[in-house]
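# Structural characterization, general
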Protein chains: 2
Amino acid sequence: MNGLFMLDKVLEAKERLRGYSNLTPVMTSGTLNKIAKANVFLKCENFQRTGAFKFRGAFNAISKLPGKAKSRGVITYSSGNHAQAVSLVGKLLGIKTTVVMPDNAPVIKFKATAGYGADIIEYNPSEQQREEVAREIQEKSGYSLIPPFDDPDVIAGQGTAALELFEEIKDLNYLLVPCGGGGLLSGSAIAAKGTCPKCKVIGIEPEAADDAVRSFRTKILHSVKNPPTIADGTRTASLGKITFPIVLEYVDDMQTVSEKAIMDAVKFLFFRMKLVVEPSGALGIAALLSGAMIPEGNVGIIISGGNIDAATMNMILNS
Amino acid sequence: MNGLFMLDKVLEAKERLRGYSNLTPVMTSGTLNKIAKANVFLKCENFQRTGAFKFRGAFNAISKLPGKAKSRGVITYSSGNHAQAVSLVGKLLGIKTTVVMPDNAPVIKFKATAGYGADIIEYNPSEQQREEVAREIQEKSGYSLIPPFDDPDVIAGQGTAALELFEEIKDLNYLLVPCGGGGLLSGSAIAAKGTCPKCKVIGIEPEAADDAVRSFRTKILHSVKNPPTIADGTRTASLGKITFPIVLEYVDDMQTVSEKAIMDAVKFLFFRMKLVVEPSGALGIAALLSGAMIPEGNVGIIISGGNIDAATMNMILNS
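Quick summary incoming for the structure in this document. (Residues numbered from 1 in each chain as written. Chains lettered and ligands numbered in written order. Predicted model: local features only at pLDDT ≥ 70, side-chain atom pairs only at ≥ 80, totals over all residues. Heavy atoms only, no water.)

### So, the sheet that holds strand β6 (residues 144-145) of chain B
All names here are of chain B. Applied cut-off: What makes two strands pair is DSSP finding at least two bridges between them. Numbering of helices and strands runs from the N terminus; a helix is a DSSP stretch of H or I covering at least four residues, while a strand is a stretch of E covering at least two.
With parallel pairing, 4 strands are arranged side by side in an open sheet as β5-β4-β3-β6. Strand pairing shows two members of the sheet lacking a second neighbour, β5 (119-123) and β6, which therefore form its edges. Pairing between strand β3 (residues 74-77) and β6: 2 bridges, direction parallel. Within β6, the residue paired with V74 across the bridge is S144.

And the structure:
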């Protein structure tokens, strides 16, 4: 994977997203700066359309499909923010969307995804793998597959969030990015190294789902299975074929945070900054507040999303 | 009260607040615009220092005290956002602050106020009135009283939120403002009429605490006692000697919203806009979503604050 080539793709994605994605705000907090002894800039993708950065990658990948592929439709597998993103992009661009979801997914996720207009195909996760279910349908239907993270166009789209942050805050010493499958982290690292090479890019992962940290340290791909973390956006089994080499090449370090640190971060964002942030979205703040990371200078943090249900928020606020 | 004179005071307050208050963001939502069939602009004072617009009025009033008064210190009575605002302003300006609070106020409010450094004097609300307790201490100590709303400097400070909104969104047809004691509503109306005279200013109050609506309609001051509304910022007994005539002169209309509409608005702001907003702060959204107000064109809404405790948010999210 050629870095300069990929930066071009992020810049192109930015043009493609213009007028469709939200230019999300960069928020700051005097209290946070004091605690962190740094100048912290939060890129608030919880204010992105569908409540998460996933809109960027889905839009970039779908909008650049050839006309014929668009008229056939797209398919994806996801029970989370990528499903809603694909569904909304389909609605905006008039493209039929199909989403493969486990039959035990929370009703609220079905509703949110179906609410934007996607057809939902359920499968039994104890008997089938989501990728296989999607591939079978894809072969019959001719739908284009829009993977949740392991795709150059998806990665390029996700990179536009960090790109916007670097355009607004020119000089960052650190960028902390949540890591699940590595789509956001890869795109962010490409944007960082392309626009502000001195900035150190750090991926943050829950301790309970530390496959990417282990993969990063050993340079061998590790995986986890249904890891018991509240940060549901990071429960992916492993980095991907495309994201793993990008993470190895462009990410400076990876750190883990505890479940308690994640919940404390969600609470801090709620009570002190009045931001609704989902557990996966609070990983960077968790690293700062827990001392897992002690960065100096100007520190960018990608707040990846804000889709949290009432039960989870109640549990966290009472913890 | 002379309107032009008061606009000057708001403009002066803006200069005084420069570098101290947050220039809070104006947020929008495609979903909200669709539901409201209007272009809605939220002035997010939940992102103001101490989590509410009250910082503006407290800072303006305290910072313009003469040097001798500053060295003696200030006193106020409040169990809510004004207490925290006065306490923080005292800390920032190096002025001793004393806050009179009912002895049955929630521990979290004591902590938040004391956390900024104020001395707290407790009183028994079934035996004493807070104004009297404050006045007694004031007479002995020489402290300057900073009232929560019925004061020209406090009103002028609160008006700077609307002033900033008009500077950013030049052309508003409506401005919806929560109303408790009328400090924010008075200041907002002065800013509106001074900078965008065609803009209709509407005060929004809970049905359960509709003293200001009745006062507005009858032109006779009505009051309520401990009204049973979840919007704790609007539980004030009545408009004040200064705010009542300003509301009569500059406010175009007043509307009430139900408790259910308030809770639905807090939920909408949480789930759809990822904003933590306290019930009083959600009154304008409650009016829009419930249909109590059906304004057209460009609609400004002051989101007055975001200080909500875990129990109240849990209750609302589960409602």
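Here the narrative resumes.
### Re the pairing of strand β5 (residues 119-123) of chain A
All names here are of chain A. Selection criterion: If you view a crossover with the strands going away from you and the path from the first strand over the helix to the second runs clockwise, you call it right-handed.
Pairing analysis gives 5 bridges linking strand β4 (residues 97-102) to β5, with the strands arranged parallel. Bridge pairing links V100 to I121 in β5. For the crossover that starts at β4, traverses helix α6 (residues 107-115) and ends in the parallel β5, the hand is right-handed.

### A short note on the sheet that holds strand β9 (residues 253-257) of chain A
All names here are of chain A. Convention followed: Contacts are residue-level and defined by heavy atoms, with any inter-residue pair within 4.5 Å sufficient. In this analysis an axis means a line fitted to C-alpha atoms, helices contributing only their contacting stretch, and an angle means the value between N-to-C directions, from 0 to 180 degrees.
Pairing is mixed in the open sheet, where 6 strands are placed in the order β1-β2-β10-β7-β8-β9. With one partner strand each, in any of the chains shown, β1 (26-27) and β9 form the two edges of the open sheet. Two strands pair when backbone bridges link them, and strand β7 (residues 174-178) and strand β10 (residues 298-303) are joined in this way by 3 bridges, in the parallel orientation. Bridging from a neighbouring strand, L176 pairs with I301 of β10. Along the sheet face, helix α12 (residues 259-271) touches β2 (39-44), β8 (200-206), β9 and β10 and points at about 85° away from the line of β9. Lying on the sheet, helix α13 (residues 283-290) is in contact with β2, β7, β8, β9 and β10; it crosses β8 at an angle near 95°.

### As for the pattern of salt bridges
Residue and element names in this part refer to chain A. Going by this rule: Salt bridges are defined as contacts in which a side-chain nitrogen from Lys or Arg sits within 4 Å of a carboxyl oxygen from Asp or Glu. In this scheme, a residue with accessible area under 20% of its type's maximum is buried, one over 50% is exposed, and one in between is partly exposed, where area comes from a 1.4 Å probe on protein chains only.
If you walk through the whole model with that rule in mind, you get 32 salt bridges over all chains. R56 is the salt-bridge partner of E45, the closest N and O atoms lying 2.7 Å from each other. Of this pair, E45 sits in the loop between β2 and α3 (54-63) while R56 is found in helix α3, placing the two residues 11 residues apart along the sequence. Judged by relative accessible area, R56 falls into the buried class, the value being 0%. Through salt bridges that share partners, K43, E45, R56 and E164 make up one connected network.

### Considerations on helix α6 (residues 107-115) of chain B
Residues and elements named next belong to chain B. The following threshold applies: The reported arc concerns the directions from the helix axis to the C-beta atoms and nothing else.
Inspection of α6 places K109, F110 and T113 among the buried residues, and these make up the whole buried set. All buried residues of α6 project into a common sector of 100° when viewed along the axis, lining one side. Residues of α6 that are exposed and point over 90 degrees away from its buried face: V107, K111 and G115. G117 occupies a position one or two residues after α6 and carries a positive phi of about 115°.

### Points about the relation of the copies chain B and chain A
Condition: Copy-to-copy superposition: least squares on the C-alpha atoms, limited to residues that have pLDDT of at least 70 in both copies.
In the superposition of chain B on chain A (RMSD 0.0 Å, axial shift 0.0 Å), the rotation amounts to 180°. The superposition operator between the copies reduces to a two-fold rotation axis. Of the interface residues in chain B, 100% have counterparts in chain A that sit at the interface too, so the contact is made through matching surfaces.

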